[in-house]
Amino acid sequence: MSMPTQGSGVDPGYHPAGAPHTADEVRGSSLGELMRSVTTDLSTLMRQEVELAKAEIRQEGKKAGKAAGLFGGAGFGGYMVALFVSIAVWQFLDNVMDSGLAALIVAVLWAVVAAVLYSMAKKNAERIRGLKQTNDSVQRIPDALKPHPEGVTR
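Thresholds applied
- Residues numbered from 1 in each chain as written.
- Predicted model: local features only at pLDDT ≥ 70, side-chain atom pairs only at ≥ 80, totals over all residues.
- Heavy atoms only, no water.
- Helix = DSSP H or I, 4+ residues; strand = E, 2+ residues; numbered from the N terminus.
- Buried < 20%, exposed > 50% of the residue type's maximum accessible area, 1.4 Å probe, protein only.
- Areas by Shrake-Rupley, 256 points an atom, 1.4 Å probe, with all protein chains shown as cover.
- Salt bridge = Lys/Arg side-chain N within 4 Å of Asp/Glu carboxyl O.
- Axes fitted to C-alpha atoms, helices over the stretch in contact; angles between N-to-C directions.
- Left-handed = near helix turned anticlockwise from the far one by under 90°.
- Contact = heavy atoms within 4.5 Å.
- Nonpolar A, V, L, I, M, F, W, Y, C, P; charged D, E, K, R; others polar.
- pLDDT = per-residue confidence, 0-100.

Q: Looking at this structure, how should I read the overall build of the protein?
A: A count of helices and strands for the protein gives four helices and zero strands. Written out in order from the N terminus, the α and β elements of the protein read α-α-α-α. Buried residues in the protein amount to 8% of all 154 residues. When the accessible surface of the protein is split by element, carbon and sulfur atoms take 66% of a total near 12800 Å².

Q: Quick question: what am I supposed to make of the pattern of salt bridges here?
A: Pairing between side chains becomes possible if they bear opposite charge and their charged atoms approach one another. Counted under the stated rule, the structure contains two salt bridges. As a salt-bridge pair, Lys 63 and Glu 60 come within 3.6 Å of each other at their nearest N and O atoms. You can see Lys 63 and its partner Glu 60 sitting in helix H2 (residues 31-94), three residues apart, about one turn around the helix. Residue class for Glu 60 comes out partly exposed when judged on its relative accessible area of 22%.

Q: I keep staring at the packing of H2 against helix H3 (residues 99-125) and nothing clicks. Help me out?
A: The relative placement of two packed helices comes down to the angle between their axes together with the axis-to-axis distance. Where H2 meets H3, the axes come as close as 8 Å, and the angle between the chain directions of the two elements is 145°. Every pair of crossing elements has a handedness; the one defined by H2 and H3 is right-handed. Along the contact surface, H2 presents Ala 82, Ser 86, Val 89, Trp 90, Leu 93 and Asp 94, while H3 presents Ser 99, Ala 102, Ala 103, Ile 105, Val 106 and Trp 110. Considering only residue class, the contact of H2 with H3 consists of nine nonpolar, two polar and one charged.

Q: How should I be thinking about the confidence of the model for the protein in this particular structure?
A: Should the pLDDT be low somewhere, the predicted coordinates at that spot are not to be read in detail. With 78% of its residues at a pLDDT of at least 70, the protein reaches an overall mean of 79. No element of the protein has a lower mean pLDDT than helix H4 (residues 132-139), which averages 74, and none a higher one than H3, which averages 90. Here residues 1-12 scores under 50 on pLDDT; set against residues more than four positions off or in separate chains, the count is zero contacts.

Shown next as structure tokens:
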């Protein structure tokens, strides 16, 4: 009794996702096999897109978290400096004018600072780029996979 010979273990009709098929392979395939191939390729594409988006979100999230922590610490330090400088300016002006007027002058100065900081923050917020790589990758999905409702008849 002879042992059956073993091949490479890979089905000769098997193609990894994204591998091109020859015209003869497509002609020799049943509709079910072609649908299975398309479904597998589409599923792989969607999984890869989701993984890309998750990796990009993690990467950008780490950067944003670190920056937020540093901004928070700098903000608290700046708040303490601003508080004590404001008290010092208020006391200095109190020697020259009424205490209420001195406090009002310090408050107006802080209103101007707040307006400038708000303007700068708004400009920076408009520059947030989002998921650029994922968006670029999704834009390259072939048109054949995108719905074309105008060409569909029922």
